[in-house]
Amino acid sequence: MVEEPRRIAHLDMDAFYASVELLRYPELRGLPVVIGGGRDAQPVLQADGSHSFSRLRDYVGRGVITTATYEARALGVGSAMGMMKAAKLAPDAILLPVNFDAYRQMSRLFKNAVAAIAPDFEDRGIDEIYIDLTHVEGETHALARRIKQAVRDATGLSCSIGVTPNKLLSKICSDLDKPDGLTVLGYEDIPARIWPLGVRKINGIGPKATEKLAALGIATIGQLAAADAGLLQDHFGAHYAGWLADAARGIDHRAISTSSESKSISRETTFERDLHARQDRSALSSILTKLCDRLADDLKRKGYVSRTISIKLRFDDFQIVSRNVTLPRPVADADGILQAARECLKRVPLQRRLRLLGVRASTLEPPGASPQAAVPRQGELFA
């Protein structure tokens, strides 16, 4: 029996947090808007019913941008950028505080809308999912358009979808025609559509790897696919070199994980530049705090608490180090996760610069299965 070709979709909400805010403040549509301010950035309702908004130029602090509208991105402003730096690029951009309750509600709405059409999907966070369309009836383009319309009807928001035979390619394709994009691609389309793209388009190739590849004369995915295997192994090691070669050819056998019982939940980010534990302490502290905040949101949304918190570090030489701590009582709040993550960091020598930081919650259980207790404080790292 011939196995049916896979149809895997990656759905990514367009500038999700910013788009949710624009539903509440439609007068900001078409303007550069940055999300990431604190309570002092809350819009003020005027007597005439209009709002007074904070501007990025007035921000003072060490925070980083959570997300930005496409108009702000056109000015060079993007997520994870320090807001003081962003203020130099887009001083007149509107600054809004984050509102996770609203984002979680919209996340539930769009996922419920998708589930009504295609119930087999893998939750990848608050604003993106992978969907297995292999056994869903309907022509691919029409089915994807139906999903996009269902999301818009449920939320008022647009999303971008890529549909290909696997997760790696679909992740690339969902980003090709943003916002409100739809890209359907088969293996035969890889040379024309994927190979001309820069290597950074592959999820898992960060700034440092992009730099090293550029030094080898490899700038596009097509050049990476044609690269000598021995050359890649010499510079990246056998394991990562093998993955690079497969990824450049669009090879990815990962299955969609649709199990309702999560074994672990994680959040991680690759930095735009390598960061040093001392020199970039404030930036790392802000990034770690936001990762823990988002991990806490994920735990709350999925209805879990965690007994084991882990950190993952990738250094500038591509070495990956992880540490974990098993807690006497499970946690789900951001402060408890953050403290546990800092305890893990104490056990890692931080002489080299960092290119990736991640936090994972595992040994999951429903709330109330164990009595809660505070995580003991023993000092802080990245504070």
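Residues numbered from 1 in each chain as written. Predicted model: local features only at pLDDT ≥ 70, side-chain atom pairs only at ≥ 80, totals over all residues. Heavy atoms only, no water.

Asker: Any details on unusual backbone geometry? Residues and values, ideally.
Answerer: The linkage connecting Lys178 with the following residue, Pro179, adopts the cis geometry, with an omega of -5 degrees. The backbone phi angle of Ala80 is positive, close to 75 degrees, even though this residue is not glycine. Examined against the element boundaries, Ala80 turns out to sit in the loop between α2 (70-73) and α3 (83-89). When its relative accessible area of 43% is taken as the criterion, Ala80 is described as partly exposed. Of note in this structure, Asp180 is not a glycine but carries a positive phi near 60 degrees. With respect to the helices and strands, the residue Asp180 is situated in the loop between α6 (167-173) and β11 (182-184). (Helix = DSSP H or I, 4+ residues; strand = E, 2+ residues; numbered from the N terminus. Buried < 20%, exposed > 50% of the residue type's maximum accessible area, 1.4 Å probe, protein only.)

Asker: Tell me about the pairing of strand β13 (residues 305-315), and please be specific about residues and values.
Answerer: Where burial is concerned, most of β13 is hidden: nine out of the 11 residues are buried. Looking at chain direction, β13 and strand β15 (residues 354-365) are connected through 10 bridges and run antiparallel. Residue Val305 lies in a different strand from β15, and its bridge partner there is Glu365. By the bridge criterion, eight bridges tie β13 to strand β14 (residues 320-331) in an arrangement that is antiparallel. Its bridge partner lying in β14, Ile309 is registered against Val325. (Pairing = 2+ DSSP bridges.)

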